[in-house]
Amino acid sequence: MTVDSSSDTLTPVGPMARLVAARPAAPVRSEPRASAAPWLDRATAGRWIALGLGVVAAVVTTWGIATPWPWSDEGATYLALQRSWGDLAVLWQGPDAPMVPYYYLAKAWTAALWSFWPALSTLVAVRLLSAAAGAATVVVLYALVARNAGRFAGVLAGLVLLSLPGFVRYAQEARPYALLALAATVSWLASDRRLRPGRVALGFRSLVPASGPTGGVGAATGHLLSLVAVGAIHTFGVFQWPAQLLAWLVAPGELRWRLRRAASIVLTLVAAAVLAGGQLVMSAAHGTGAAGLAAHRLVTPATITEQLLRAISLTYALPVSAIVLILALVGLFSRPGGRRELPVSLLIWLAVPLALALAVGTVRTNLFRLRYWVAFLPPLAALAALGIVAVAGLFVRLVWRARAADASSWSGGARVAAGVTALALLAVQVATVLPAQRFVRSANGHSENLSGVFAAISDTRAEHPGIPVVITKGNANGMIGAADPAVMANNPLSRIDPSAHIVYSTVPSAEAVRTSLAGEQYLLWIYKGTVTAAEAARGVPAALADLHPTILHAAPAGTGWTAVLMELPG
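Note that the structure is predicted; figures quoted are calculated from it, not measured.

K.L.:
Can you help me understand the overall build of the chain in this one?
P.N.:
Scanning the chain from terminus to terminus reveals 23 helices and eight strands. Every one of the 570 residues in the chain was classed for burial, and the buried ones make up 49%. Restricting to contacts in the chain with at least 6 residues of sequence separation, those with at least 24 account for 73%. Put simply, the chain shows about 25600 Å² of open surface, and 66% of that area lies on carbon and sulfur atoms.

This is the structure we're talking about:
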């Protein structure tokens, strides 16, 4: 035997070499090929599922999106987007301060759509932003549930969320609430990836690595930015912060890792507060929330229950929301993969921000608005999906006599039976909420119907061609402008004041109104409310009073609207 100096290894020679050559080589252990794994367990399957789920979500959130008439808040969005980029900043000094980041995002989104779709209306363009956010929320929720409970549960979570009329309602509205749901869901996915790194989603379960420290710098940065985003897109988004703090503090693990995690999440939240602080300060200083009779309502357990049911299914009827609530309760007590981490995190996500929002709404009742609570719907849907999986698993074990609790070890027939059971439960949920889903896409799906207003305008113009249409109230002007920009553009009582701190249009001076109406004989006044001819005569807008109009008649123009025909003196 000699030493090969080039490699510092022993090289057998002579008889020893012949013995070594004659000895059979040790068998080489081959790695299992990717094709041997079930399709649902492959990495490519996760990408295809996410893509397919995104397509389904996009179809659901955009179906019938142009049908509902705009309501007052959508009119406010339309009026805000009539401002220049610089003039939007003025709104930071007024009651719409919490909405300014959304207005900038909506304006940029609309400009991007118009670059290749110039015929698209402003209203539908901004609604498509919410639809895109809603579809993205479904995909992100799938990813969150899949990495903890398997892809099958993730798909169910996304489909349950799409079945909730309350979610779809705000995914088809020109306001920021679908973005709030998306930002909250992204922040919880970023938190989960950082808190429980290395998890791999499979078809019916997830692979869990040994416990250890949190994710690296990239995961921490992504988590930080998601927390900033959820706080900036809407003031109520900051209620996600204490919820995530609690989720990190109660997460299981060795004491040393729990102490490190506690310090890490506190530092992250402090950094998020610094980065989002400017927007939050402006919102707290100037944001007032919705005004009106709601500021004097009495918040009771009954009203809270009613509003929560409406937030889920757009109806006070308990049976419509009962299925998803029962399934969520079952899911709360489930143990996906033999662990309680996911149900506990989802409960914290659902309960803590909602409780804080309700507490604020109880003290300041004009903030008692179900649209501010929309971020509780994704965790509710995820819990309901876990409930569906638990019920399907119980059915298979009882009826199919599958002994193992882990679905990944079931036979093909048992998996099919579980899938059919789960889809049957989902089908019952969809059938229950189908009337509410249809209502969302109806003409008055956004709680406003302007068909009577435009019918009155059309009929009056047929009798008096070219008659000016005047609209006095700013929110009414925004709604009608969002539906038909030409009507607002020709409204002599409409002016977008770039220096005004409010989003609504203002009334020009009496002199400017007289000049614009010179030579006109008739006016059609669209009044937001119900008035008689005598009441209209006593409440003629100040800008028109100097013209001494005569009220010819006042007729209802749909629910909550009146069309008043005026004649001006010769």
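From this point, the narrative continues.
K.L.:
Just to check I follow, could you spell out unusual backbone geometry for this structure?
P.N.:
Generally, phi is negative for residues other than glycine and the peptide bonds are trans, each holding for most cases. Not every positive phi belongs to a glycine, and Ser-447 is a case in point at roughly 65°. Inspection of the secondary structure puts Ser-447 in the loop between helix H17 (412-440) and helix H18 (451-463). Even without glycine at this site, His-548 takes up a positive phi of about 50°. Positionally, His-548 belongs in the loop between helix H23 (542-545) and strand E7 (550-556).

K.L.:
Help me understand the sheet that holds strand E8 (residues 561-567), please; the structure alone is not making it clear to me.
P.N.:
Backbone-to-backbone hydrogen bonds pair the strands of a sheet. The strands run either parallel or antiparallel. If you walk across this open sheet you meet the four strands as E5-E6-E8-E7, and the pairing is mixed. The strands lining the two open edges of the sheet, one partner per strand, are strand E5 (469-471) and E7. Across the sheet, the mean angle from the axis of one strand to that of its neighbour is 25°, orientation sign disregarded. The pairing of strand E6 (residues 522-528) with E8 spans seven bridges and is antiparallel. Looking across to E8, one finds that Leu-523 is bridged to Met-566. Taken strand by strand, H18 contacts E5, E6 and E8, and its axis lies near 175° from that of E6.

K.L.:
I keep staring at the pairing of E6 and nothing clicks. Help me out?
P.N.:
The side chains of a regular strand alternate, first on one face of the sheet and then on the other. Counting buried positions along E6 gives five out of seven residues, so the element sits mostly inside the fold. Judged from the three bridges that link them, E5 and E6 form a sheet pairing that is parallel. Following the sheet pairing, Val-470 is matched in E6 by Trp-525.

K.L.:
Please clarify how the packing of helix H11 (residues 240-250) against helix H12 (residues 255-286) should be interpreted in this entry.
P.N.:
Each packed pair of helices is defined by two parameters, the angle between the axes and the distance between the axes. Interaxial distance between H11 and H12 falls to 9 Å at its minimum, and their mutual angle equals 170°. As the angle between them shows, H11 and H12 are arranged roughly antiparallel. Contact residues: Trp-241, Gln-244, Leu-245, Trp-248, Leu-249 and Val-250 in H11; Arg-258, Arg-261, Ala-262, Ser-264, Ile-265, Val-266, Leu-269, Ala-272, Ala-273, Ala-276 and Leu-280 in H12.

K.L.:
I keep staring at H11 and nothing clicks. Help me out?
P.N.:
Each α-helix winds once per 3.6 residues, and so residues spaced three or four apart point in a common direction. Listing the buried residues of H11 in full gives Gln-240, Trp-241, Ala-243, Gln-244, Ala-247 and Trp-248. Taken down its axis, H11 places every buried residue within 160° of arc, on the same side. On its buried face, H11 is in contact with helix H9 (177-195), helix H10 (217-233), H12 and helix H15 (341-363).

K.L.:
Looking at this model, I keep getting lost on the pattern of salt bridges. Mind explaining?
P.N.:
Pairs can form between side chains of opposite charge whenever their charged atoms are close. If you walk through the whole model with that rule in mind, you get eleven salt bridges. Residue Arg-196 pairs with Asp-192 through a salt bridge whose shortest N-O separation is 2.9 Å. Both residues of the pair, Arg-196 and Asp-192, count as buried. Bridged by salt links that share partners, the residues Asp-73, Arg-175 and Arg-371 form one connected network.

Definitions and cut-offs
Residues numbered from 1 in each chain as written. Predicted model: local features only at pLDDT ≥ 70, side-chain atom pairs only at ≥ 80, totals over all residues. Heavy atoms only, no water. Helix = DSSP H or I, 4+ residues; strand = E, 2+ residues; numbered from the N terminus. Buried < 20%, exposed > 50% of the residue type's maximum accessible area, 1.4 Å probe, protein only. Contact = heavy atoms within 4.5 Å. Areas by Shrake-Rupley, 256 points an atom, 1.4 Å probe, with all protein chains shown as cover. Pairing = 2+ DSSP bridges. Axes fitted to C-alpha atoms, helices over the stretch in contact; angles between N-to-C directions. Parallel < 35°, antiparallel > 145°, perpendicular 65-115°, else oblique. Arc of directions from axis to C-beta. Salt bridge = Lys/Arg side-chain N within 4 Å of Asp/Glu carboxyl O.

By themselves, these are just geometric observations and shouldn't be taken as functional.
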